[in-house]
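Architecture and fold: a report
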Amino acid sequence: MIAQEQGADSASVIHDAMEAARARSVDVVLADTAGRLQAKRNLMDELRKIRRVVARFDPEAPHEAILVLDAGTGQNAVRQVVEFDDAVALTGLIVAKLDGSARAGVLFAIAAALRERATPLPVYFIGVGEGVDDLRPFDAREFIEALLAEEGHG
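Notes on the structure in this doc start here. All of these numbers come straight from a predicted model, not from anything done at the bench.

An α-helix turns once per 3.6 residues; consequently, residues spaced three or four apart project the same way. The first and last C-alpha atoms of helix H3 (residues 75-88) sit 20 Å apart over 14 residues, in line with the 20 Å expected at 1.5 Å per residue. A positive phi of about 55 degrees marks Ala89, the residue just after H3.

Below, the structure written as structure tokens:
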């Protein structure tokens, strides 16, 4: 765990983490940039800077850029995906609070918004509740079948 004082520059923290990983022969570094509820320009610039710092250590890095979304935010979730993808080239999504058919539509809206993307953006996990066992690997077929069954069509 690498941390600095609250308010420290995020790129500086990731630089320290990458240095520590190199010194300790650690293969994986996880950087949590939580708290980005609003996709504001300065925050996107900060994420781009983090990406550049990581790439100095490994030109292929970051190997994953995963956005965790709240399905309950609707169109804001779609906007966040588009903006974060533009800033850091997302590699996948985790969608929390996807516990009803009303919220399921966000996945379709995201897919439509990213239709022009060169590669599909996978959904790795979905959260269907508040418990630790409620975070599940996403299975598109199972998702559609559950959605249709919930609507009374299956």
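Alright, that's what it looks like, and here's the rest.
With that out of the way, let us pick up the packing of aromatic side chains. On inspection of all chains with the given rule, the structure shows two aromatic pairs. Measuring from ring centre to ring centre gives 6.3 Å for Phe108 and Phe143, while their planes differ by 40 degrees; the resulting arrangement is tilted. Of the two residues, Phe108 is situated in helix H4 (residues 101-113) and Phe143 in helix H5 (residues 140-150); the sequence distance between them amounts to 35 residues. A relative accessible area of 44% places Phe108 in the partly exposed class. Its relative accessible area of 13% is what places Phe143 among the buried residues. Ring centres 5.4 Å apart and planes at 55 degrees place the aromatic pair Phe138 and Phe143 in the tilted group. Within the aromatic cluster, the residues linked to one another by ring pairs are Phe108, Phe138 and Phe143.

Procedures and definitions
Residues numbered from 1 in each chain as written. Predicted model: local features only at pLDDT ≥ 70, side-chain atom pairs only at ≥ 80, totals over all residues. Heavy atoms only, no water. Helix = DSSP H or I, 4+ residues; strand = E, 2+ residues; numbered from the N terminus. Expected span 1.5 Å × (residues − 1). Phe/Tyr/Trp six-rings, centres within 6.5 Å; stacked < 30°, edge-to-face > 60°. Buried < 20%, exposed > 50% of the residue type's maximum accessible area, 1.4 Å probe, protein only.

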